[in-house]
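So the chains spell out like this:
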Amino acid sequence: MTAATGDVGRTSVFSDVSVYSGGIWLEHQDVRVVDGVVESIGSHASSTSAVAETISTGGYLIPGFVNTHTHLQQSLMRGIAECTPLLEWLLAVGEESVAITPDRAYTAAVAAALEMLRSGTTTVVEHMWPHPSGEVHGAVIQALRDTGIRAVLGRGVADRPDATRKWGFEPRLMQPLDEVLDHVDHLREQVSETPITVALAIPNPRSVTEAGMVRLREFAEQRDMSVMIHLLETPTDDVMCLEHAGVGAVEYLDSNDFLWNRVLAVHCVELDDVGQSILAERGVAVSHNPLSNMRLGSGIAPVPAMLDRGLGVGLGVDGAASNDTQDMLETFRIGAYLQRAVHKRADLMGFETMLDIACGGANVALGLPEVIGGVSTGAPADLTLVRFDRDYATLPVRNPGASLLTTGSRSIVDIVMVDGDVVISDGRSTRIDEAEFTKEVAELS
């Protein structure tokens with residue numbers, strides 16, 4: 001993890017809260033945060049708040065969500081190519097991506113980050129498409145810093161050009177591999193000592209050559225970096241890899257030694273039993289994006305089977321061009337309901353399972369601390385406080401976990417803390433003038 005951004009020596013307390021910790025709800029607790037870390041969880045009756053700032057009293061405290069996959073620039077592309085086949089949709093998004101400017105990239109990233117924060121997300125994993133502009137990347141980094149969200153910033157990379165996107169990537173957005181990797185090192189220096197880390201983001205198995213895979217793995221391992229890659233969102237990856245390489249997509253990556261425990265495979269809707277076994281053996285994690293997969297008609301990822309095989313599975317919203325919102329609470333609920341529908345079981349993917357997925361299921365691959373069973377001492381203070389009385393539609397509360405899963409919405413999110421700093425208070429950003437920003441976004445065409 002990067003160094004805390006909060007004031008050194010600062011102590012804060014969530015007073016008299018119900019906190020989900022160790023897999024259970026603990027009532028009337030004080031959660032003490034020191035220098036960006038959860039120092040203690042203790043009974044309110046016996047706790048002392050000396051030399052501590054009380055952030056709030058009451059409410060329900062959980063770890064912040066980790067959104068394991070999105071495309072920030074797409075928050076200005078909502079509704080694009082609606083009700084069209086995936087490849088046609090991709091080409092439309094590609095045209096918008098070619099035309100992106102630093103100003104629009106900044107606005108898009110702020111909009112997406114605020115929407116995520118306001119739905120309880122504390123970490124975003126951004127999968128940037130390859131782009132030659134250093135200014136665009138700089139604008140995205142500035143937006144992430146301005147909003148205060150923690151981020152794993154995937155710098156896009158591809159080395160096989162193909163304007164059709166069938167066996168390669170959009171040539172207008174590509175650069176020579178040497179230039180890209182030099183820029184990655186520059187970005188790593190730029191985000192040093194911030195809550196932002198840099199990763200490699202590969203569009204899909206079709207966009208990288210065999211030589212490129214060797215080079216990229218060596219580069220990533222030398223720097224202890226994560227690599228994210230879209231994989232089997234549809235049958236296209238398998239079809240094209242079989243046509244050009246003689247093997248399916250997972251086997252194509254594996255035969256080039258490009259699957260290891262710092263790889264995040266995104267979507268995996270078409271991942272069969274053999275593919276699941278290979279990914280599990282290599283320690284690869286999966287980002288599950290249920291709403292995007294529904295919107296684009298891609299299908300339903302076999303999440304229960306993945307979990308049974310020991311695969312780490314995280315939750316993602318995907319970009320706003322394929323999900324249309326960046327609301328993690330909505331994705332949190334639909335991620336459970338979708339699996340219940342396809343498996344015809346109402347006792348599947350309950351709050352405990354979904355929270356572990358949404359807060360830390362893919363964290364090891366992303367170089368983030370594991371989050372299992374809720375808030376724990378010694379963990380970074382990336383926390384979300386909800387109040388059900390902010391929305392009568394969530395009341396009465398029979399069980400806070402069940403209520404979060406089945407009725408939770410952005411309206412109940414009161415406070416969001418990242419690295420010990422409160423970045424959302426009373427449901428609003430503490431860093432961005434939301435009223436003014438809303439006007440700016442509304443004026444964009």
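Residues numbered from 1 in each chain as written. Predicted model: local features only at pLDDT ≥ 70, side-chain atom pairs only at ≥ 80, totals over all residues. Heavy atoms only, no water.

- The name given to the protein chain in an unreviewed UniProt entry is Putative amidohydrolase, with Gordonia aichiensis NBRC 108223 as the source organism.

**Here's the deal with the confidence of the model for the protein chain**
As a note on interpretation, predicted positions should not be read in detail where pLDDT is low.
For step 1, the next point in the chain: Residues with a pLDDT of 70 or more make up 96% of the protein chain, whose mean pLDDT is 95.
For step 2, the next point in the chain: Scored below 50 in pLDDT, residues 1-7 shows 20 contacts in the model against residues more than four places distant or in partner chains. (pLDDT = per-residue confidence, 0-100. Contact = heavy atoms within 4.5 Å.)

**Brief notes about a negative patch on the surface**
For step 1, the next point in the chain: A grouping of Asp 433, Glu 436, Glu 440 and Glu 443 is seen on the molecular surface, where their side chains present a negatively charged patch.
For step 2, the next point in the chain: Looking at where Glu 436 falls in the secondary structure, it is placed in helix α15 (residues 434-442). (Patch = residues over 30% accessible without salt bridge, like charges linked within 9 Å, V, L, I, M, F, W, Y side chains within 5 Å. Areas by Shrake-Rupley, 256 points an atom, 1.4 Å probe, with all protein chains shown as cover. Salt bridge = Lys/Arg side-chain N within 4 Å of Asp/Glu carboxyl O. Lys, Arg positive; Asp, Glu negative; His and termini not counted. Charge placed at Lys NZ, Arg CZ, Asp CG, Glu CD. Helix = DSSP H or I, 4+ residues; strand = E, 2+ residues; numbered from the N terminus.)

**What about the UniProt feature "domain: Amidohydrolase-related" (unreviewed entry) in the protein chain?**
For step 1, the next point in the chain: The feature "domain: Amidohydrolase-related" (unreviewed entry), as annotated in UniProt, sits at residues 60-423 in this numbering.
For step 2, the next point in the chain: Secondary structure content for residues 60-423 is 40% helix and 17% strand, and the end C-alpha separation is 17 Å. (UniProt positions renumbered as here; feature names shortened; annotations may be inferred.)

**Some details on the environment of Glu 330**
For step 1, the next point in the chain: On the secondary structure map, Glu 330 appears in helix α11 (residues 328-343).
For step 2, the next point in the chain: Residue Glu 330 is classed as partly exposed on the basis of its relative accessible area, which comes to 27%.
For step 3, the next point in the chain: Spatially, the C-alpha atom of Glu 330 lies 8.5 Å from that of Ser 119, the residues being 211 residues apart in sequence.
For step 4, the next point in the chain: Setting aside chain neighbours within four positions, we find Glu 330 in contact with Leu 291, Asn 323 and Thr 325. (Buried < 20%, exposed > 50% of the residue type's maximum accessible area, 1.4 Å probe, protein only.)

**With respect to the domain arrangement of the protein chain**
A common way to state how big an interface is: give the accessible area lost once the parts meet.
For step 1, the next point in the chain: Domain boundaries assigned for the protein chain yield domain 1 (11-63 + 374-429) and domain 2 (65-366).
For step 2, the next point in the chain: Across the contact, 27 residues belong to domain 1 and 30 residues belong to domain 2.
For step 3, the next point in the chain: Carbon and sulfur atoms make up 62% of the surface buried where domain 1 meets domain 2, a total of about 2,100 Å² over both sides.
For step 4, the next point in the chain: At the junction of domain 1 and domain 2, the tally comes to four salt bridges.
For step 5, the next point in the chain: Ionic pairing is found between Arg 150 and Asp 382, a salt bridge with its closest N-O pair at 2.7 Å.
For step 6, the next point in the chain: At the surface where domain 1 touches domain 2, the tally comes to six residue pairs in polar contact (both at pLDDT 80 or more).
For step 7, the next point in the chain: Mapped by element, the contributors of at least two residues to the side of domain 1 that touches domain 2 are β5 (60-63), β14 (383-386), α14 (400-407), β15 (413-418), β16 (421-425) and β17 (428-429).
For step 8, the next point in the chain: Tallied by class, residues from the side of domain 1 that touches domain 2 come to 14 nonpolar, nine polar and four charged. (Domains from an automatic or database assignment. Buried area = accessible area lost by both parts, 1.4 Å probe. Polar contact = N/O pair within 3.5 Å; in protein donor to acceptor, adjacent residues only side chain to side chain. Nonpolar A, V, L, I, M, F, W, Y, C, P; charged D, E, K, R; others polar.)

**Quick look at the packing of aromatic side chains**
For step 1, the next point in the chain: Here the structure, examined in full by the defined rule, presents 10 aromatic pairs.
For step 2, the next point in the chain: Look at Trp 129 and Phe 169: their rings are 5.7 Å apart centre to centre, the planes differ by 80°, and that puts the pair in the edge-to-face class. In this pair, Trp 129 sits in the loop between β7 (121-127) and α3 (134-147) while Phe 169 sits in the loop between β8 (150-156) and α4 (177-190), placing the two residues 40 residues apart along the sequence. For the pair shown, Trp 129 and Phe 169 are each scored as buried.
For step 3, the next point in the chain: Each ring, one from Phe 258 and one from Trp 260, has its centre 5.5 Å from the other, and the planes form 75°; the classification is edge-to-face. (Phe/Tyr/Trp six-rings, centres within 6.5 Å; stacked < 30°, edge-to-face > 60°.)

**With respect to the side chain of Ser 75**
For step 1, the next point in the chain: Relative to the assigned elements, Ser 75 resides in the loop between β6 (65-70) and α1 (86-98).
For step 2, the next point in the chain: The class for Ser 75 is buried, based on a relative accessible area of 6%.
For step 3, the next point in the chain: A polar contact of 2.6 Å, which involves the side chain of Ser 75, links it to the backbone oxygen of Ala 108.
For step 4, the next point in the chain: Every residue in contact with Ser 75, bar those within four places of it in the chain, is listed here: Ala 108, Ala 109, Ala 111, Ala 112 and Ala 320.

**A word on the pattern of salt bridges**
Pairing between side chains becomes possible if they bear opposite charge and their charged atoms approach one another.
For step 1, the next point in the chain: Counted by the stated rule, this structure contains 30 salt bridges.
For step 2, the next point in the chain: The residue Asp 185 makes a salt bridge to Arg 188 at a minimum N-O spacing of 3.8 Å. With a gap of three residues between them, Asp 185 and Arg 188 both fall in helix α4, about one helical turn apart.
For step 3, the next point in the chain: On the accessibility criterion, Arg 188 (33% relative accessible area) is partly exposed.

**What about the nonpolar core?**
For step 1, the next point in the chain: Ranked by size, the top nonpolar core spans 98 residues in total, and within it Phe 65, Leu 200, Leu 216, Leu 231, Leu 279, Phe 332 and Leu 404 carry the most contacts.
For step 2, the next point in the chain: The element best represented in this core is helix α2 (residues 102-117), accounting for nine residues.
For step 3, the next point in the chain: Here this core gathers at least three residues from each of two domains, domain 1 (11-63 + 374-429) and domain 2 (65-366).
For step 4, the next point in the chain: For Leu 216, the contacting residues outside a window of four places in its chain are Val 157, Leu 177, Leu 181, Leu 200, Ile 202, Val 208 and Phe 258.
For step 5, the next point in the chain: Val 31, Val 33, Ala 381 and Leu 383 belong to the second-largest nonpolar core, a separate cluster that totals 14 residues. (Core = buried A, V, L, I, M, F, W, Y, C linked by side-chain atoms within 4.5 Å.)

**Some points on the environment of Val 191**
For step 1, the next point in the chain: In this fold, Val 191 is placed in the loop between α4 and β9 (196-202).
For step 2, the next point in the chain: Sequence separation of Val 191 and Leu 153 is 38 residues, and the distance between their C-alpha atoms is 9.8 Å.
For step 3, the next point in the chain: For Val 191, the residues in contact, after removing those within four places along its chain, are Ile 141, Ile 196 and Val 198.

**Notes on α2**
For step 1, the next point in the chain: Here α2 is 16 residues long and its end C-alpha atoms lie 22 Å apart, about the 22 Å a rise of 1.5 Å per residue gives.
For step 2, the next point in the chain: Within α2 the residues assigned to the buried category are Ala 105, Thr 107, Ala 108, Ala 109, Val 110, Ala 111, Ala 112, Ala 113, Leu 114, Glu 115, Met 116 and Leu 117. (Expected span 1.5 Å × (residues − 1).)

**Focus on the pairing of β16**
For step 1, the next point in the chain: In terms of strand pairing, β15 meets β16 through four bridges, oriented antiparallel. Each residue of the ladder has a partner; that of Val 418, found in β16, is Asp 421.
For step 2, the next point in the chain: Counted between consecutive antiparallel strands, the loop separating β16 from β17 contains two residues, among which Asp 426 sits at a positive phi close to 55°. (Pairing = 2+ DSSP bridges.)

**Some details on the state of the cysteines**
For step 1, the next point in the chain: In this structure the tally under the stated criterion is zero disulfides.
For step 2, the next point in the chain: This cysteine, Cys 268, is not joined by any disulfide, and Cys 241 carries the nearest cysteine sulfur, 13 Å off. (Disulfide = S-S within 2.5 Å.)

**So, the packing of α2 against α3**
For step 1, the next point in the chain: Between α2 and α3, the least distance of the axes is 8 Å, while the angle of their chain directions is 30°. With respect to α3, the axis of α2 lies roughly parallel. α3 is crossed by α2, and the crossing has right-handed handedness. Facing Pro 102, Ala 105, Tyr 106, Ala 109, Val 110, Ala 113, Leu 114 and Leu 117 of α2, the residues of α3 in contact are Glu 135, Val 136, Ala 139, Val 140, Gln 142, Ala 143, Asp 146 and Thr 147.
For step 2, the next point in the chain: By residue class, the composition of the contact of α2 with α3 is 12 nonpolar, two polar and two charged. (Axes fitted to C-alpha atoms, helices over the stretch in contact; angles between N-to-C directions. Parallel < 35°, antiparallel > 145°, perpendicular 65-115°, else oblique. Left-handed = near helix turned anticlockwise from the far one by under 90°.)

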